[in-house]
Amino acid sequence: MKKLKIAIQKSGRLNEKSVELLKNCGLNFENYKSSLISPVSNFPLEILFLRDDDIPEYVQDGIADLGIVGENVINETEVEVAYLQKLGFGKCSLKIAVPNNNLINSLNDLNGKSIATTYPVILNKFLKSNQIDAEIRTISGSVEISPGLGLSDAICDLVSTGGTLKSNGLVAFADVMSSEAVLIGSKAAEKSALVDELMQRVQSVLRAKETKYVVLNIQKNNLPAILALLPGVKSPTIIPLAEEGWVAVHTVIPEYDFWEKINKLKQAGAQGIVVMPIEKIIL
Ligand code: PRT
Ligand code: ZN
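About the thresholds
- Residues numbered from 1 in each chain as written.
- Chains lettered and ligands numbered in written order.
- Predicted model: local features only at pLDDT ≥ 70, side-chain atom pairs only at ≥ 80, totals over all residues.
- Heavy atoms only, no water.
- Core = buried A, V, L, I, M, F, W, Y, C linked by side-chain atoms within 4.5 Å.
- Buried < 20%, exposed > 50% of the residue type's maximum accessible area, 1.4 Å probe, protein only.
- Helix = DSSP H or I, 4+ residues; strand = E, 2+ residues; numbered from the N terminus.
- Contact = heavy atoms within 4.5 Å.
- Donors = N, O, S within 2.8 Å, 3.2 Å for Na, K, Ca; no water.
- Tetrahedral: all angles 85-135°; square planar, octahedral: opposite > 155°, others 65-115°.
- Pairing = 2+ DSSP bridges.
- Near = heavy atom within 4 Å.
- Polar contact = N/O pair within 3.5 Å; in protein donor to acceptor, adjacent residues only side chain to side chain.
- Nonpolar A, V, L, I, M, F, W, Y, C, P; charged D, E, K, R; others polar.
- Axes fitted to C-alpha atoms, helices over the stretch in contact; angles between N-to-C directions.

Moving on, we come to the nonpolar core. Residues Ile6, Leu27, Ile68 and Leu87 are the most contacted members of the largest nonpolar core, which totals 29 residues. Only strand 1 (4-9), helix 1 (15-24), strand 3 (45-50), strand 4 (66-70), strand 11 (181-185) and helix 6 (193-209) provide two or more residues apiece to this core. Looking at which element gives the most residues to this core, the answer is helix 6, with 7 residues. With residues up to four places along the chain from it excluded, the contact list for Ile6 reads Leu22, Leu45, Glu46, Ile47, Leu48, Leu66, Gly67, Ile68 and Leu183.

What follows covers the coordination of the zinc ion (ligand 2). Around the zinc ion (ligand 2), the donor atoms from the protein are Asp52 (OD) and Asp53 (OD), and they sit 2.0 to 2.1 Å away. Every donor counted, the 4 donor atoms about the zinc ion (ligand 2) form angles of 76 to 173° at the centre, which fits irregular coordination.

Let us now look at the pairing of strand 13 (residues 237-240). Looking at chain direction, strand 13 and strand 14 (residues 246-254) are connected through 4 bridges and run antiparallel. Within strand 14, the position partnered with Ile238 by the bridge is Val249. Where strand 13 folds back on strand 14, the antiparallel hairpin that results is connected by 5 residues, among which Gly245 adopts a positive phi of roughly 85°.

Bringing the site of ligand 1 into the picture now. Neighbouring ligand 1 are 22 residues; Arg51, Asn72, Thr161, Gly162 and Thr164 lie closest to it. One nitrogen or oxygen atom from the side chain of Thr161 is found 2.5 Å from an oxygen atom belonging to ligand 1. Of all the secondary structure elements, the ones that give two or more residues to the shell around ligand 1 are helix 3 (71-77), strand 9 (154-159) and helix 5 (163-167). Per-element accounting of the shell around ligand 1 gives the leading share, 3 residues, to strand 9. Across the shell around ligand 1, the residue classes break down as 5 nonpolar, 11 polar and 6 charged.

Our next topic: the sheet that holds strand 8 (residues 135-138). Pairing is mixed in the open sheet, where 5 strands are placed in the order 8-7-9-6-10. The open sheet has two edge strands, strand 8 and strand 10 (170-179), and neither has a second partner. When the angles between neighbouring strand axes are averaged without regard to direction, this sheet yields 30°. One ladder, built from 8 bridges, connects strand 6 (residues 92-99) with strand 10; its direction is antiparallel. Residue Pro99 lies in a different strand from strand 10, and its bridge partner there is Leu170. Packing of helix 4 (residues 120-129) onto the sheet brings it into contact with strand 6, strand 7 (114-117), strand 8, strand 9 and strand 10, and relative to strand 8 it is tilted by some 170°.

Let us now look at the sheet that holds strand 14. Taken in spatial order, the 4 strands of this open sheet run 13-14-12-15, and their pairing is antiparallel. Looking along the sheet, the strands with just one partner apiece sit at the ends: strand 13 and strand 15 (271-277). When strand polarity is set aside, the average angle formed by the axes of neighbouring strands in this sheet is 20°. Bridging between strand 12 (residues 211-219) and strand 15 involves 5 bridges; their strand directions are antiparallel. Following the sheet pairing, Tyr213 is matched in strand 15 by Met276. Strands strand 12, strand 14 and strand 15 of the sheet are contacted by helix 8 (residues 258-267), whose axis makes an angle of about 165° with strand 14.

Shown next as structure tokens:
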């Protein structure tokens, strides 16, 4: 059987989470820092470790069937690939920022000004769609120091915590795009049964990350109120306790409203609430 290839970042912000995701999918491989390619011992797959900028083109050209890369890099390289799955890590925003004391505070104020960036393609589209006539200065890194050096009036760069902008006396005032790591595939990969199998594993890991397994005890007469609060994968499991009149309820709770749910369960009489992480949810 022909092996699949997946390209992930060799080192950098997406490497660790990409490796973790693949390992959580049950794939056995060595994460050698020195190697470019690592075979998976228990699935027909090879892992290619690349610069993130090269990943979209490798996938577009079919050298890799799959890739994990930031949406910002995909949009900048303008490749034709299939978006298979958002992965929930590597989140950031591409923003336009200016020095604190600058008089630029609306998009229109950018007319006639210069903006330094490593994302000229995305920025150009953004400026065009907002009918702004500004000069784009493409540089290869350290964008945040460019206004201080007098190289540009503004910058367009990725922001996650905002710490870099702050420490360089810059303030963001326009969002160009938000981004996160995504799983992409070549056109051919979309029709592959092996890719389907891998996708199912990825989705089961992502689903599990979004939920917690919860076990709680409740007096039988309070059960209807508890059940009204709980979804479960299909519906909650109810198991009688040795103590007469009590049951244990097993269920899963979404991460996003976890504490709100737990508080409501306590108010409805839930006791001895045990919360556990879930490894995978296979539907
Ligand atoms: O070597 P290679 O080319 O593979 O890596 P790289 O140096 O080009 O990329 P890397 O590892 O820095 O980032 C990989 C991907 O992580 C990016 O393409 C984004 O999709 C995502 N990502 C998420 C980020 C950030 N957050 C981020 N904060 N990429 C870069 N930054 C930089 C930003 O450019 C700025 O310099 O971090 C600084 C701002 O961070 P804060 O936290 O101070 O706001
Ligand atoms: Zn890069």
